[in-house]
Amino acid sequence: MQNSPHASFGNLIIIALISATIGLLIGYLSWGLVIGLSIWCVVQIRQTEKLRNWLQRSDTVPPEAQGPWGDIFDDLARIQKRQQGKTKQLKDIIVRFQQSSSALADAFVIIDQHNNLEWWNLSADRLLGLKASADRGKPVINLLRDPRFIRYFRKGNYEDPLQLPSPVLNDTVLQYQITEFGFGDRLLVARDITQLVRLEQTRQDFVANASHELRTPLTVIRGYLETFLDQELPKPLTRAMNQMQIQASRMESLVADLLFLSRLEASQHIPDENPIRIQEMLNAIQQDALILARSQNKEHDITLNIDMEYDLLGQPQELHSVFSNLIFNAVRYSPQKGKVDIQWWIDQEGGHFSVRDNGLGIESIHLSRLTERFYRVDEGRSSSTGGTGLGLAIVKHALHRHGAKLTIDSQLGKGSLFSCHFSLDMLDKVKPLDSIV
């Protein structure tokens, strides 16, 4: 193959020499050069026009030509063939991906950086009700309009999945998981977890029903125990009756916690949001904590620091249980003359409640399992404090229903820090007293 740039320059020199020779023979050197170079320019223009026309419809075969232009068109033909091979390979990969994704039971949706729907598989049509003919390019929040999904999508924190009913299928529960990739793009995966939810509901119903059935015999047992203890009994029998009454009380507390936990697990979200006077609630729990400390003969220093500008939105009973569980645990597991510091403060990330103590502390290997039901760091120590093993499980589920999370920081022998973190949209600005009618 010739070197096209050098060959073109050589042809130009040859044509110029031939034109000059002819011009000398006829006595018109200049006109000979002009005519010869003009003919060469016309040929180049025609070949350039062929190239331009082919580029506009590059799916056709490059045109035939002689000389340097033929070499150029041959090179273009080879490049075109390689490009067509790569294009076909990429198309085959895309087809294979679409076929494999269509076979998946989970819905996959690609959302671009402008929050518009870019692509989805067939399962998304079935589970989410998306239609390729009408919904492509539309904002995802215009099609999935559940306020909880919109809040989850806009928040940008996709560490935990979101569980919601399907927008188009009755009695179907979906779990949404979003993953960010590229430059602001997102992959939304919606999985049908209806069967898992039903199994979990069956377990919850069993626990709730069993707990309800236990309440009646426990009430009868405690009633008879109180009757017997009101009478004169031998000391060994009195001691046994007192122990039985203590254990019956523990069982009643366990049943109450199981029922409360079952109610929390029945729904992933609170039904409504009520304003909570956080100052009044924490002040009341602080007084109860002082009474608990005195009942255990512990001279605790329990301090309370509250940001007075913001209250909290949520369910009062659930949040009271959260705060009291954490505070009472700090009282129970702190040694004599321990210090318990309670705080409520606001920053740019939201509202925060924390309980810090200088008690026994917890080894790091236990921290990830503390919120499991009935998990105990020290069986003997927990039993002596009268705990049921469900307190932190209740805290975890109640916070989850409020869109909040629990963090635990503890070192053995140096105390513990339990913190609850609420989002900004769960805060309520405290109104001045003169504005309340």
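Residues numbered from 1 in each chain as written. Predicted model: local features only at pLDDT ≥ 70, side-chain atom pairs only at ≥ 80, totals over all residues. Heavy atoms only, no water.

Visitor: Looking at this model, I keep getting lost on the packing of aromatic side chains. Mind explaining?
Guide: Two numbers describe a pair of aromatic rings. These are the distance of the centres and the angle of the planes. On inspection of all chains with the given rule, the structure shows six aromatic pairs. Ring centres of Phe149 and Phe153 lie 6.1 Å apart, and the angle between their planes is 25°; this geometry places the pair in the stacked category. In this pair, Phe149 and Phe153 both sit in helix 7 (residues 147–155), four residues apart, roughly one turn of the helix. Like Phe153, Phe149 is buried. Ring centres of Trp344 and Phe422 lie 6.2 Å apart, and the angle between their planes is 65°; on these two criteria the pair is classed as edge-to-face. Placement of the pair is Trp344 in strand 9 (residues 339–347) and Phe422 in strand 12 (residues 415–422), with a sequence separation of 78 residues. An aromatic cluster of three or more residues is present, and its members are Phe149, Phe153 and Tyr176. Between Arg136 and the ring centre of Trp120, over which it is positioned, the NZ or CZ distance is 4.9 Å. (Phe/Tyr/Trp six-rings, centres within 6.5 Å; stacked < 30°, edge-to-face > 60°. Helix = DSSP H or I, 4+ residues; strand = E, 2+ residues; numbered from the N terminus. Buried < 20%, exposed > 50% of the residue type's maximum accessible area, 1.4 Å probe, protein only. Lys NZ or Arg CZ within 6 Å of the ring centre and 35° of its normal.)

Visitor: In this structure, what is going on with the confidence of the model for the protein? I would like to understand it.
Guide: Interpreting fine coordinate detail is not advised for predicted regions of low pLDDT. Mean pLDDT over the protein works out to 81, with 89% of the residues at or above the 70 mark. Across the protein, the secondary-structure element scoring lowest on mean pLDDT is helix 13 (residues 379–385), at 53, and the one scoring highest is strand 10 (residues 350–357), at 92. This model gives residues 433–437 a pLDDT under 50, and the stretch forms one contact once residues within four places in sequence are excluded. (pLDDT = per-residue confidence, 0-100. Contact = heavy atoms within 4.5 Å.)

Visitor: Sorry, what's going on with a nonpolar patch on the surface here?
Guide: The grouping of Ile14, Ile18, Ile22, Leu25 and Ile26 at the surface amounts to a nonpolar patch, some 520 Å² of accessible area in total. Within the secondary structure, Ile14 is located in helix 1 (residues 4–26). (Patch = residues over 30% accessible without salt bridge, like charges linked within 9 Å, V, L, I, M, F, W, Y side chains within 5 Å. Areas by Shrake-Rupley, 256 points an atom, 1.4 Å probe, with all protein chains shown as cover. Salt bridge = Lys/Arg side-chain N within 4 Å of Asp/Glu carboxyl O.)

Visitor: What am I meant to see in the pairing of strand 5 (residues 185–192) here?
Guide: For a regular strand, side chains alternate in direction, first toward one face of the sheet and then toward the other. Here strand 1 (residues 107–111) runs beside strand 5; their pairing, made up of five bridges, is antiparallel. Within the sheet, the bridge partner assigned to Ala107 lies in strand 5 and is Ala190. Two strands pair when backbone bridges link them, and strand 4 (residues 173–181) and strand 5 are joined in this way by eight bridges, in the antiparallel orientation. If you follow Leu174 over to strand 5, its bridge partner there is Asp192. (Pairing = 2+ DSSP bridges.)

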